[in-house]
Amino acid sequence: MTAVRTEATSSERRGRPLARRRLPRLLVAGLFFFGPALAFALGERAVEIENRKLPEFPSLSKGWDFIPEAESWAVAHLPLRQHAVRGNVTLSEGVFGQPPSYNTGKKPTYPHVVEGRDGWLYFGDDVIEACGPRWSVAETLERTRRLAETVRRSGRRFVLTVAPDKTTAHPDELPGRFLGQRCLERRKQEFWTALQRADLPGYVDLRGPLERLRRETGAPTYWRTDSHWNERSCGLYGATLARALDPKLERGTRLVKVGQAPRVGDLGPMLGTPREETIDRWSLVRQGVRRTGQDDTQLPTSFTTVNASTGAPLYKPRTLLVGDSFTRNSLPWVTPYFADLTYLRSDASAKAGPEYVAEKVAGSETVVFEMVERYFVGGHGEMLEEETLAAIERALRS
């Protein structure tokens, strides 16, 4: 009995170090597999970390495409995902000296954020759109011309403008070398040359005024940690549109610096490391202008603002302003120029349908269309889809 007990005791002693070695591994594995589920049970939810809405669950009608799309949906909705992204970025930058790039499963893509000099960050979609375009530059501009001429033939006024990419407005802060650099530069050059030659109806240049503002002030026109232009450039955007519609709208108008404030840009969170910078705050002052009505019932797709004025003049025709996030961020510096302005998201056809967009166009007297450069370069724009263009044509013929 004694010998047996001694042998059992010896086996237990040999097994204990092995169990102690296995326990941390089991804990790590359990945390990996069950941590998100536990976090969900405790109330943790996935958050938007890429300046985009979380994807919806794919339809089974997509066939075999359902599988990769369901996988992407599951990853995007994983609780604690933002912390995993942050850890991945930290590891990649520590080991390789650059942020991670990601794959779609079908073809390689590019980093979501390009890290430039002196803390400057650039939106990776500038590169993605340029290096994997859907339409040729010629086709994109031809679709734009079709939209412009459709609106103008109906007796309505049409204004078109392009918000330059940050990689175009501030190329000097880009890194010396980065993935996709050649196709980005080549495609941008092709687009701006073709745009100048196209002589599109109603085109209003924003790139030139932004470059002049930067030369004259010596200050950036875009935020260092954000993909968009800054508040002073928002004011320039509003003033440029107003001048194109009616130069008299400049009367009684001032852009005033009102101080500074800390701000976290939209690009840092995409790296999992929010970055703060101190920004200049600017306010648009239009003497005697006050808002008298606003219809928010169709937010976030659309809303209407009505203004009255006892001083500075207002643009009176009913105006539809179609724009992306550049316009959305600039609305406080744009809406005070108009007596009756309806803002419509440029992706409204994907959210509410082409007929909804066509109805908004038909109900206006002036249409202003803004789209960011990267979408022209990449051939990506809901307003230029065949279904949307056809719906507008039908609505304006009736």
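Residues numbered from 1 in each chain as written. Predicted model: local features only at pLDDT ≥ 70, side-chain atom pairs only at ≥ 80, totals over all residues. Heavy atoms only, no water.

*Asks:* Just checking my understanding: could you explain helix α5 (residues 137-153) for this structure?
*Replies:* Since the α-helix packs 3.6 residues into each turn, any two residues three or four apart lie on the same face. The end-to-end C-alpha distance of α5 is 24 Å, a good match for the 24 Å that 17 residues give at a rise of 1.5 Å each. At the exit of α5 stands Gly155, carrying a positive phi of roughly 90 degrees. (Helix = DSSP H or I, 4+ residues; strand = E, 2+ residues; numbered from the N terminus. Expected span 1.5 Å × (residues − 1).)

*Asks:* So what exactly am I meant to see when it comes to the pairing of strand β9 (residues 319-323) here?
*Replies:* One face of the sheet, then the other: side chains in a regular strand alternate in exactly this way. Among the five residues in β9, five count as buried, and that is most of the element. Alternating positions in β9 separate into two faces, Thr319, Leu321 and Gly323 on one and Leu320 and Val322 on the other, with burial throughout. As paired strands, β9 and strand β10 (residues 340-345) are joined by five bridges and run parallel to one another. The residue bridging Thr319 from the neighbouring strand is Leu341, located in β10. Once the chain exits β9 it traverses helix α10 (residues 325-330) before rejoining the sheet at β10, and the crossover so formed is right-handed. Both β9 and strand β11 (residues 366-372) contribute to a ladder of four bridges, which runs parallel. Paired with Leu320 across the strands is Val367, a residue of β11. (Buried < 20%, exposed > 50% of the residue type's maximum accessible area, 1.4 Å probe, protein only. Pairing = 2+ DSSP bridges. Right-handed = clockwise from strand over helix to strand, strands pointing away.)

*Asks:* What exactly am I supposed to notice about the packing of aromatic side chains here?
*Replies:* In this description, an aromatic ring pair is defined by two values, namely the gap between the centres and the angle between the planes. Within the structure shown, the criterion is met by nine aromatic pairs. Taken together, the ring pairs in this structure connect Tyr222, Trp229, Tyr237 and Phe326 into an aromatic cluster. In this arrangement the basic side chain of Arg143 is found over the ring face of Trp135, its NZ or CZ atom lying 4.0 Å from the centre. Over the ring of Trp192 we find Arg207, and its NZ or CZ is 4.8 Å from the ring centre. (Phe/Tyr/Trp six-rings, centres within 6.5 Å; stacked < 30°, edge-to-face > 60°. Lys NZ or Arg CZ within 6 Å of the ring centre and 35° of its normal.)

*Asks:* Can you help me understand the nonpolar core in this one?
*Replies:* In this structure, Leu141, Leu147, Phe158, Phe191, Val361, Phe369 and Ile392 are the most contacted members of the largest nonpolar core, which totals 41 residues. Not counting the four nearest positions on each side in its chain, Phe158 is found in contact with Leu147, Ala148, Val151, Arg152, Pro201, Gly202, Val367 and Phe369. Leu236, Leu241, Trp282 and Phe338 belong to the second largest nonpolar core, which has 32 residues in total. (Core = buried A, V, L, I, M, F, W, Y, C linked by side-chain atoms within 4.5 Å. Contact = heavy atoms within 4.5 Å.)

*Asks:* What exactly am I supposed to notice about the side chain of Ser302 here?
*Replies:* You can see Ser302 is positioned in strand β8 (residues 302-309). Engagement of the side chain of Ser302 in a polar contact is seen with the backbone oxygen of Tyr343, the distance being 3.0 Å. Those residues in contact with Ser302 that lie beyond four places of it in its chain are Thr342, Tyr343, Leu344, Tyr356 and Lys360. (Polar contact = N/O pair within 3.5 Å; in protein donor to acceptor, adjacent residues only side chain to side chain.)

*Asks:* What is the right way to read the confidence of the model for the protein chain from this model?
*Replies:* Mean pLDDT over the protein chain: 85, with 73% of residues reaching 70 or higher. A low-confidence stretch, residues 1-12 (pLDDT under 50), is modelled with zero contacts involving residues beyond four sequence positions or located in other chains. pLDDT under 50 marks residues 102-106. Its contacts with residues more than four places away, or in other chains, come to 11 contacts. (pLDDT = per-residue confidence, 0-100.)

*Asks:* Sorry, what's going on with the packing of α5 against helix α14 (residues 386-397) here?
*Replies:* Relative orientation of the contacting elements α5 and α14 amounts to 15 degrees, with a least axis distance of 10 Å. For the element pair α5 / α14, the angle class is roughly parallel. Between α5 and α14 the crossing geometry is left-handed. Of α14, the residues touching α5 (which contributes Arg143, Arg146, Leu147, Thr150 and Val151) are Glu386, Leu389, Ala390, Ile392, Glu393 and Leu396. Counted by class, the contact of α5 with α14 contains six nonpolar, one polar and four charged residues. (Axes fitted to C-alpha atoms, helices over the stretch in contact; angles between N-to-C directions. Parallel < 35°, antiparallel > 145°, perpendicular 65-115°, else oblique. Left-handed = near helix turned anticlockwise from the far one by under 90°. Nonpolar A, V, L, I, M, F, W, Y, C, P; charged D, E, K, R; others polar.)

*Asks:* Would you mind going over the state of the cysteines with me for this structure?
*Replies:* By definition, a disulfide links the sulfur atoms of two cysteine residues through a covalent bond. One pass over the structure, following the stated rule, counts one disulfide. A sulfur-sulfur distance of 1.7 Å marks the disulfide that ties Cys131 to Cys183. With the S-S dihedral at roughly 70 degrees, the linkage between Cys131 and Cys183 falls on the right-handed side. With a gap of 52 residues between them, Cys131 in helix α4 (residues 125-131) and Cys183 in helix α7 (residues 181-198) connect regions that are remote in the sequence. Relative accessible area serves as the criterion here: at 22%, Cys131 is assigned to the partly exposed category. According to the relative accessible area criterion, Cys183 is buried, its value standing at 16%. (Disulfide = S-S within 2.5 Å.)

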